Amino acid sequence: MDGEKDPRNLLVAFQIVHDLIAKDYALGPFVEELFEVTSCYFPVDFTPPPNDPHGIQREDLILSLRAVLASTTQFAEFLLPLLIEKLDSELQSAKLDSLQTLTACCAIYGQKELQEFLPSLWSSLRREVFQTASEKIEMECLAALRALSACLSRSVLSSDSEDLLDSFLSSILQDCRHHLCEPDMKLVWPSAKLLQAAAGASLRTYHRITHSVLPLLLEQYTKHTQSSQRRTILEMLLGFLELQQKWGHVEEDESTLLSLQGPVCSVVFSALLDSSVQLQLVGIKALTVLGSLQGFLSSSDLELVVDHLIRLALHEEDSQSSEAAMEVAGSLAPTYPKVFSGHMVPRLEKELQSGPPLRCVSSSEREESYHNCHSLQQRCLQALAAVSTHTSIVKETVPILLQHLQKVLKGTEAKNTQDMISVCQSLHRVALQCQQDAEGCWYFHQTVVPCLLAMAVQAAMPESTHTLPGKALLEEEVLAAMIPVISAATTHLSPELAAQSVSHVVPLFLKGDVSFLPQNSFPCSFQPFGDGECLEAQRRLVALLMAFVCSLPRDVAIPQQEWLLRELLALSCSCNCPFTATTAAKCFAGLVNKHPAGQQLDEILQLAVNRMEPSLAEGPRRTQALTLLLWVTKALVLRYHPLSSCLTDKLLGLLGDTELGPATADGFSLLMAESPDVLHKGCHADVRIMFRQRFFTDNVPKLVQGFHGAGPDVKANYLKGLSHVLNHLPKPVLVTELPTLLSLLLEALSCSDRVVQLSTLSCLHPLLLEAPQIMSLHVDTLVTKFLNLTSSPTMAVRIAALRCAHALTSLPTTVLLPYKGRVIRALAKPLDDKKRLVRKEAVAARGEWFLLGSPGR
């Protein structure tokens, strides 16, 4: 192998040498010779030729050689000087390779191999961390220092041998500790990183380093008064606190941290009271770490922690600190459920119930008072949800949230709609946090779902539809906020519990059986599928039925499913309310998607087609029929049902319809996109992998053919449908199909429809970055189209066009240079655009074009 240059042979040679060592062949007097014949290739300097048929990369040779060099301690006396020499060189790649090889060697070396070279190794590592501008080299230096410390920690000492670890750590402390005290704090972070790297190697190194450093940091925090300096010191302290988590619970007599419990808590609590938001945020993060250390916080400390979190969550002006405090409350609550349920929840409830002062001097004061009270209530709702991360706490917070919703429902303020949405958002967060705990999930479901349904049914009764609160609950925005609550409360139920629940909810909607609702004395019957205008409000609640039945696990049988499907089908085709018709269509589609294949499914689908076809042809409800067709098509496309191609063909035909064509084109986005409430994997829908690719393969040729044969008044519909399909296609697939579709995409940019323009621009942007060679063939057209669209009357189109003009600079420079002056002149106009976001994109794009062709670009 001496002098070998072919990378294929080198890989084989390195493997042979590795096998010789790994299989314990006696190397005898040939150790140095074997090292020399392999180490002469270190560090690897290899660039694979273009179009290399063998596919051997530089990294393959590096890893293969490293496996040899780090495979035996016999190479140590030759390898370590070589690594130190390469570390001291100016070549970045050599430094990186040396550091990674040193880290690998530490896995098998001991004190004996390292002893002679420790001072030089430490000197090189320290120099690199103190002086390097490369984050990668700094990171590898710290990894190597950690590996060295861990290696020395593992070595078993004989009674008469020197403790190399202790002397090594002493050198680190001697060279780094004093930098923590420097007033200008220039080398604070490099020193802290080195100390933390050594401390993270073993429990022994942690105790040794923290015993010396933690008291010093606490002292420095007290000495410095500026918030920025205190923040730096607290961040360093936090780094050492996080290392303590790595070792878990330790005995009190061993832990420096436990002996400094009082000063550490004092420093963290003082940071929480500081006016600097950035210092507060570090203090809040430190609370999480302190709370995770078993036995560190006393009961009085925990109560103080809760006091600080409540103050920050509710009364801190800066939203960052408020949100961070809520997150910490949620992370600590499972560890200390009694503390949070006993101290935090009651205080949040009290704050939530408190109203504005009764007496206000002027109307402006009254308005400000109501605004402050409303803002406080919003934060209380968010905090109650955030802290609900343990079942025992959930059982206290959920009744409070429901009680507040009922209170809002009875109120008369105009802002009730937003208040209801806020409560629903908090309930949704609690539902998501309960999903992994079976007990909490079932408690939430059986408490919240019946209560929400009861409130909705009460609001939908004829007597209450004429009052403001009743109407507020039935508004589309409020029902839309209730849907994710019921869905999240249902998706993770066990099949047995889900079956128990569905046996109550479905009869409620089909038969008006309200017996399971908590408030079941209603003035008249509940008939959401009944006829008559007076039942319009009740029909809107089909949205809640959709949220429930479409989130059930697939193996849960739905009682009277065929009856339910027929009712939903009739409602979706006949209802005049767009919201109700759409939710009925979505509910029907969600059930069809999960329905087992067979005669029953075929019959209900045929019934749906028979209802849709006449309505699509003519009449006042063509839009409702199209909505149903889109959702049913999506349900079948996702599960690869044979009827999906027939329904898709119907949609392709409707693109040529002057009335329904534009809405049908937008519907292609619905077919391809992820739906937030039904027909996604999270609600157990039958979603096959690569359904988008299959839809693309089957239908894009038809779209292209339809475009070429369409009249001028409907051509835009085909372009819009195509751009929606392409926008949701995985980019690697799109790149392979680009040559055949690019001319059509360029034609789409000339379309006057802003949706088509925007969709096409968002489709072209990643292609400019990922397929520059293909796109450069059309550079003249692309430059012209993009520059024209930067003057579009629609802001979103102007922004997208400027981003594409920016992305053009990723094309080969030689192709772009002839257009440089023209583009720079054209991009001067959007620099004066009235919209700030447009100006921002124009500056970025024009700057890149200015740099085009400059040296080093």
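Thresholds applied
- Residues numbered from 1 in each chain as written.
- Predicted model: local features only at pLDDT ≥ 70, side-chain atom pairs only at ≥ 80, totals over all residues.
- Heavy atoms only, no water.
- Helix = DSSP H or I, 4+ residues; strand = E, 2+ residues; numbered from the N terminus.
- Buried < 20%, exposed > 50% of the residue type's maximum accessible area, 1.4 Å probe, protein only.
- Contact = heavy atoms within 4.5 Å.
- Lys, Arg positive; Asp, Glu negative; His and termini not counted.
- Charge placed at Lys NZ, Arg CZ, Asp CG, Glu CD.
- Salt bridge = Lys/Arg side-chain N within 4 Å of Asp/Glu carboxyl O.
- Expected span 1.5 Å × (residues − 1).
- pLDDT = per-residue confidence, 0-100.
- Axes fitted to C-alpha atoms, helices over the stretch in contact; angles between N-to-C directions.
- Left-handed = near helix turned anticlockwise from the far one by under 90°.
- Nonpolar A, V, L, I, M, F, W, Y, C, P; charged D, E, K, R; others polar.
- Polar contact = N/O pair within 3.5 Å; in protein donor to acceptor, adjacent residues only side chain to side chain.
- Phe/Tyr/Trp six-rings, centres within 6.5 Å; stacked < 30°, edge-to-face > 60°.
- Lys NZ or Arg CZ within 6 Å of the ring centre and 35° of its normal.
- Disulfide = S-S within 2.5 Å.
- Core = buried A, V, L, I, M, F, W, Y, C linked by side-chain atoms within 4.5 Å.
- Parallel < 35°, antiparallel > 145°, perpendicular 65-115°, else oblique.
- Patch = residues over 30% accessible without salt bridge, like charges linked within 9 Å, V, L, I, M, F, W, Y side chains within 5 Å.
- Areas by Shrake-Rupley, 256 points an atom, 1.4 Å probe, with all protein chains shown as cover.

### Thoughts on the overall build of the protein
Working step 1: A count of helical and extended segments in the protein gives 43 helices and 0 strands.
Working step 2: Along the first, second and third principal axes, the C-alpha atoms of the protein reach 95 × 70 × 60 Å.
Working step 3: Within the protein, the fraction of its 857 residues that count as buried is 54%.
Working step 4: Put simply, 73% of the contacts in the protein that link residues at least 6 apart link residues at least 24 apart.
Working step 5: Of the charged side chains in the protein, 72 are positive and 90 negative, and the gap between their average positions amounts to 7 Å.

### Examining the pattern of salt bridges
Between side chains of opposite charge, a pair can form as their charged atoms come close.
Working step 1: Tallying each qualifying case throughout the model produces 27 salt bridges.
Working step 2: For Lys136, the salt bridge identified is with Glu140, shortest N-O distance 3.5 Å. With a gap of 4 residues between them, Lys136 and Glu140 both fall in helix α8 (residues 135-154), about one helical turn apart.
Working step 3: Since its relative accessible area comes to 40%, Lys136 is described here as partly exposed.
Working step 4: The salt bridge partner of Lys720 is Asp666, with a shortest N-O separation of 3.7 Å. A residue pair is termed long-range when its members are at least 10 positions apart, and Lys720 in helix α35 (residues 715-727) and Asp666 in helix α33 (residues 661-672) qualify at 54 residues.
Working step 5: Relative accessible area serves as the criterion here: at 5%, Lys720 is assigned to the buried category.
Working step 6: Given a relative accessible area of 35%, Asp666 falls into the partly exposed group.
Working step 7: It is possible to trace a salt-bridge network through shared partners that takes in Asp88, Lys95, Arg127 and Glu128.

### Focus on helix α40 (residues 795-807)
Working step 1: In this model α40 runs 18 Å from its N-terminal to its C-terminal C-alpha over 13 residues, within 8% of the 18 Å that 1.5 Å per residue would give.
Working step 2: Along α40, the residues that are buried comprise Val797, Arg798, Ile799, Ala800, Ala801, Leu802, Cys804, Ala805 and Ala807.
Working step 3: As for α40, its buried residues are in contact with α37 (754-770), α39 (779-789) and α43 (836-851).

### Re the environment of Met672
Working step 1: Structurally, Met672 can be placed in helix α33.
Working step 2: Sequence-wise, Met672 and Val725 are 53 residues apart; in three dimensions their C-alpha atoms are separated by 6.4 Å.
Working step 3: Once residues within four sequence positions are removed from consideration, Met672 is found in contact with Phe691, Arg692, Phe695, Val725 and His728.

### Details of the confidence of the model for the protein
Working step 1: Per-chain confidence: the protein averages 88 in pLDDT, with 93% of residues scoring 70 or above.
Working step 2: Here helix α23 (residues 468-474) stands out as the element of the protein with the lowest mean pLDDT, 68, in contrast to helix α27 (residues 542-549), whose mean of 96 is the highest.

### Brief notes about the packing of helix α31 (residues 622-638) against helix α32 (residues 643-654)
Working step 1: Between α31 and α32, the shortest axis-to-axis distance is 9 Å and the interhelical angle comes to 145°. Like other packed secondary-structure pairs, α31 and α32 cross with a definite hand, here left-handed. Residues Leu626, Leu629, Leu630, Val632, Thr633, Leu636 and Val637 of α31 lie in contact with α32, whose contacting residues are Leu643, Ser644, Leu647, Thr648, Lys650, Leu651 and Leu654.
Working step 2: Here the contact of α31 with α32 is composed, by residue class, of 10 nonpolar, 3 polar and 1 charged.

### Digging into unusual backbone geometry
Working step 1: Here the amide bond leading from Phe42 into Pro43 is cis, since omega sits at -10°, within 30 degrees of zero.
Working step 2: Phi angles above zero are rare outside glycine, and His684 is one such case at about 70°.
Working step 3: Tracing the backbone through its elements, the reader meets His684 in the loop between α33 and α34 (691-709).

### Topic: the side chain of Asp657
Working step 1: Its place among the elements puts Asp657 in the loop between α32 and α33.
Working step 2: At 2.6 Å, the side chain of Asp657 and the side chain of Arg622 are in polar contact.

### Looking at the packing of aromatic side chains
Working step 1: For the structure shown, the criterion picks out 5 aromatic pairs.
Working step 2: Positioned over the ring face of Tyr443 is Lys395, at 6.0 Å from the centre of the ring.
Working step 3: Here Lys715 stacks its cationic end above the ring of Phe707, 4.2 Å away from the centre of that ring.

### Examining the state of the cysteines
Working step 1: Scanning the entire structure with this criterion turns up 0 disulfides.
Working step 2: A disulfide-free cysteine, Cys550 has its sulfur positioned 4.3 Å from the sulfur of Cys587, the nearest such atom.
Working step 3: Residue classification places Cys550 among the buried residues on the basis of a relative accessible area of 2%.
Working step 4: Taking relative accessible area as the criterion, Cys587 reaches 0% and is therefore assigned buried.

### Quick word on the nonpolar core
Working step 1: Core analysis: the largest hydrophobic core is formed by 308 residues, its most contacted members being Phe340, Phe444, Leu541, Val549, Leu568 and Phe588.
Working step 2: A total of 15 residues in this core trace back to one element, the largest contributor, which is helix α22 (residues 438-460).
Working step 3: With sequence-adjacent residues up to four places away left out, Leu568 is seen in contact with Phe529, Val542, Leu545, Ala584, Cys587, Phe588 and Leu591.

### Looking at the environment of Leu34
Working step 1: Turning to its location among the elements, Leu34 is positioned in helix α2 (residues 31-39).
Working step 2: Taking C-alpha positions, Leu34 is 53 Å from Ser259, a pair spaced 225 residues apart along the chain.
Working step 3: Ignoring sequence-local partners within four residues, the contact set of Leu34 consists of Val17, Leu27 and Phe75.

### Let's talk about the packing of helix α14 (residues 261-273) against helix α15 (residues 277-292)
Working step 1: At a minimum axis separation of 7 Å, α14 and α15 run at an interaxial angle of 140°. As summarised for this structure, α14 and α15 are arranged oblique, according to the angle between their axes. Pair α14 / α15 crosses with left-handed handedness. On α15, the residues that touch Val264, Val268, Phe269, Ala271 and Leu272 of α14 are Leu279, Gln280, Gly283, Ile284, Ala286, Leu287 and Leu290.

### A look at the side chain of Arg379
Working step 1: Residue placement: Arg379 occurs in helix α19 (residues 363-386).
Working step 2: In this structure, Arg379 is buried with no salt-bridge partner, the nearest side chain bearing the opposite charge being Glu316 at 7.1 Å.
Working step 3: Filtering out sequence-adjacent residues up to four positions away, Arg379 remains in contact with Leu312, Ala313, Leu314, His315, Glu316, Glu317, Asp318, Ser319, Ser322 and Met326.

### Here we look at a negative patch on the surface
Working step 1: A cluster of acidic residues, Glu32, Glu33, Glu36, Glu77 and Glu116, forms a negative patch at the surface.
Working step 2: In this structure, Glu36 sits in helix α2.

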